[in-house]
Amino acid sequence: MSSSKTSSKPKAKQYSKFIPNAPEDNRPLSLRSDLEYGKLTSKEYLYVSKHPVGEPLPTPIDDDPPYVIYLSTYLNFLILILIGHVRDFFGKIFKPKEYGHLVEKDGYAPWYDGFESFYVRRLKTRIDDCFARPIHGAPGRFIKCFNRIREGKTGYLYDGTSKECLNLSSYNYLGFAQSSGVCTDFALKCVDEYGTSACSPRLYCGTTDLHKECERVVADFVGKEDAIIVSQGYGTNANFFASIADPKTLVISDELNHASIRFGIRLSGAIVKVYKHNDMKDLENLIRNQIAQGQPKTHRPWKKIIIAVEGLYSMEGNMCNLSELINLKDKYKCYLFVDEAHSIGALGPEGRGICDYFSVDPARVDILMGTFTKSFGATGGYIAGDKYVIDKLRLNYITQGYSESVPPPVLGQIISSLNVIKGTLNPGEGQERLQRIAFNSRYLRLGLKKLGFIVYGADDSPVIPLLLFLPSKMPALSRMLYDLGIAVVIVSYPATPLISARARLCVSSALTKEDLDYVLTKLSEVGDLIYLKFSSGIAGGCKSPGEPPRWTIEDVIATNVEDCKKPKLL
């Protein structure tokens, strides 16, 4: 867990020197569009993302490492915590100036509680370069990370140079975050016509006709009567529940729901109950019990009961059991809210999200929420539902009166990317993007399983959590891959349980099959070096049933294209 020593000098070799079909670094940026979106090298590398109609959602099997890994993880954290507390104790005595924010002074309470801020001060700051690497440019197939060296405990020195890395760290699922192309042209056209703010002669109650067009396109895309757009994705959830819920409302939330949903529920004052992640039996028991008990103290019937879930969970990489959720909400007369921040655009034959993936009529889901920051290369979010619900939101949704409007160029990006996916703009391009991300997700996931890594999530999920467990392996994996020209996201506590740190690999349609082969090759080497291949094979990837996966990288690359196209991965 040593502090970062990232070199201030650019590496002599870039990732693009290691694989075929990679762009040359000495070309002008205007001629290097393949840096942002790789070219499809074979029609074989396409797949349609869809769940078989009528089949139940398979329960993801979470593989467990050997007990020695769990024991080592706990022991590692115990040692780090003991050393940290010892340093805090003596630091307050011998270096009082450095610990002034943790002790009382002149009758004032300390700025921070020593125990509550312990993780950030003693653990996170030592590996902060794994969580906060500044970048510049378009986050496409490749991403540019600023070179820097550590200065002091929390500071960095930058030399103005950057390193070009293969991008497995951005939510650019469909590769629309490009600096050139049809979406960029449309956004620039919106700048010319409307300017950069929402102020325009074409106003409808503070909203331009472009806003109205965007809401119409969004509603049509997700299959709802109407939609309302918001300038911030987090704020979409954080303010939504306050508009539809009150203390007489019960919200039943999945235990792994995003922080924005949790914050929004607390803000509304509604009563919240949590059920085990994706456990439909636990959910039904909770609903039955709450209907029987009623409201606290008065025991009167609930005004309404809302089930809040996510379509695709961004930390676990698995999906909600939409069919069973709809059956339960119909059976007990509840409302269903689905957060599609990560599933819209990334799942389904037409990219219309979790309903499209499961072949479910969107009319059976009461509220569909989503963001434009992932699949569409823009910003903001939306709420889609029946017209009478959206009409009410236009009056009492707090973001309507107390937040800024979505800027016209962002609206242009949203409208054009949705039209590309639907095929009304650049026919064929949208389908290729959708089928490429479906193939890439399955290809990388199956390759990791075959190599012996523990990965979580559903087969078709573009979010692939690779489990690390030990705290020392977080900086080791991140820094070694970075030196090899691969940028990944490291996730740890409090976003995940303390002992299940992971690398979250975010797949994009901008990546080529050759890119993924390079990633698998280098991950295999790093995994052997720092001992990350401890899968038991229970979750798949085995050559023979019951045997731990021990494929060579050559065998993986030779068989993976055919195997990843099977309905269920090995």
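Residues numbered from 1 in each chain as written. Predicted model: local features only at pLDDT ≥ 70, side-chain atom pairs only at ≥ 80, totals over all residues. Heavy atoms only, no water.

Labelled according to an unreviewed UniProt entry, the protein appears under the name serine C-palmitoyltransferase, originating from Lodderomyces elongisporus. One UniProt comment on the protein, placed under Sequence similarities (unreviewed entry), says "Belongs to the class-II pyridoxal-phosphate-dependent aminotransferase family." Of the protein, the UniProt comment under Cofactor (unreviewed entry) reads exactly: "pyridoxal 5'-phosphate". (UniProt positions renumbered as here; feature names shortened; annotations may be inferred.)

Novice: Just give me the short version of the pattern of salt bridges, but keep the residues and values in it.
Specialist: Counted by the stated rule, this structure contains 26 salt bridges. Two residues, Glu432 and Arg436, come together in a salt bridge whose shortest N-O distance is 3.6 Å. Within this pair, Glu432 and its partner Arg436 are both found in helix H13 (residues 429-451), separated by 4 residues, close to a single helical turn. Note on Arg436: relative accessible area 2%, which makes it buried. One salt bridge connects Lys533 with Asp528, and the closest N-O pair in it is separated by 3.1 Å. Looking at Lys533, the relative accessible area reads 13%, which means it is buried. Among the charged side chains, a network of salt bridges with common partners joins Lys329, Asp330, Arg364 and Asp366. (Salt bridge = Lys/Arg side-chain N within 4 Å of Asp/Glu carboxyl O. Helix = DSSP H or I, 4+ residues; strand = E, 2+ residues; numbered from the N terminus. Buried < 20%, exposed > 50% of the residue type's maximum accessible area, 1.4 Å probe, protein only.)

Novice: If you had to explain the sheet that holds strand E8 (residues 271-275) to someone new, which residues and values would you point to?
Specialist: The mixed open sheet is built from 7 strands, whose spatial order is E6-E12-E11-E10-E9-E7-E8. Only two strands of the sheet have a single partner each, and these edge strands are strand E6 (226-230) and E8. With direction set aside, neighbouring strand axes in the sheet form an average angle of 20°. As judged from the 5 bridges shared by strand E7 (residues 249-254) and E8, these two strands associate in the parallel manner. Each bridged residue has a counterpart across the sheet, and for Ser253 the counterpart in E8 is Val274. Of the strands in this sheet, E6, strand E11 (367-371) and strand E12 (381-385) touch helix H10 (residues 387-396), which is tilted by about 30° from E6. (Pairing = 2+ DSSP bridges. Axes fitted to C-alpha atoms, helices over the stretch in contact; angles between N-to-C directions. Contact = heavy atoms within 4.5 Å.)

Novice: A description of helix H15 (residues 513-530) should follow, citing residues and the corresponding values.
Specialist: Across its 18 residues, H15 extends 26 Å between first and last C-alpha, which sits within 8% of the 26 Å expected from 1.5 Å per residue. Counting buried positions over the 18 residues of H15 gives 14, a clear majority of the element. Trailing H15 by a residue or two, Tyr531 shows a phi angle of about 60°, which is positive. (Expected span 1.5 Å × (residues − 1).)

Novice: Tell me about the domain arrangement of the protein, and name the residues and values.
Specialist: Partitioning the protein into structural domains gives domain 1 (31-64 + 132-168 + 429-564) and domain 2 (182-422). On a C-alpha basis, the centroid separation for the pair domain 1 and domain 2 is 28 Å. Contacts between the two partners involve 26 residues from domain 1 and, on the opposite side, 22 residues from domain 2. With both sides pooled, the region where domain 1 packs onto domain 2 buries about 2000 Å², and carbon together with sulfur makes up 62% of that total. Linking domain 1 with domain 2 are 1 salt bridge, by the criterion used here. When the shortest N-O distance is used, the salt bridge between Arg502 and Glu316 registers 3.1 Å. Mapped onto the side of domain 1 that touches domain 2, the elements with two or more residues apiece are H13, strand E13 (463-469) and strand E15 (501-506). For the side of domain 1 that touches domain 2, the element with the highest residue contribution is H13, accounting for 6 residues. Here the side of domain 1 that touches domain 2 is built from residues that sort into 13 nonpolar, 7 polar and 6 charged. (Domains from an automatic or database assignment. Buried area = accessible area lost by both parts, 1.4 Å probe. Nonpolar A, V, L, I, M, F, W, Y, C, P; charged D, E, K, R; others polar.)

Novice: Tell me about the UniProt feature "transmembrane region" (unreviewed entry) in the protein, and please be specific about residues and values.
Specialist: With numbering aligned to this structure, UniProt lists the feature "transmembrane region" (unreviewed entry) at residues 67-86. Helix makes up 100% of residues 67-86 and strand 0%. Its end C-alpha atoms lie 29 Å apart.

Novice: I'd like a description of the packing of aromatic side chains, backed by residues and values.
Specialist: For the structure shown, the criterion picks out 19 aromatic pairs. Taking 5.5 Å as the distance between ring centres and 40° as the angle between the ring planes, the aromatic pair formed by Phe372 and Tyr382 counts as tilted. Of this pair, Phe372 sits in the loop between E11 and E12 while Tyr382 sits in strand E12, and the two are 10 residues apart along the sequence. Here a set of aromatic residues connected by ring pairs shows up, and it is made of Tyr70, Phe469, Tyr531 and Phe534. Looking at Arg148, its charged tip hangs above the ring of Tyr156, at a distance of 3.8 Å from the centre. (Phe/Tyr/Trp six-rings, centres within 6.5 Å; stacked < 30°, edge-to-face > 60°. Lys NZ or Arg CZ within 6 Å of the ring centre and 35° of its normal.)

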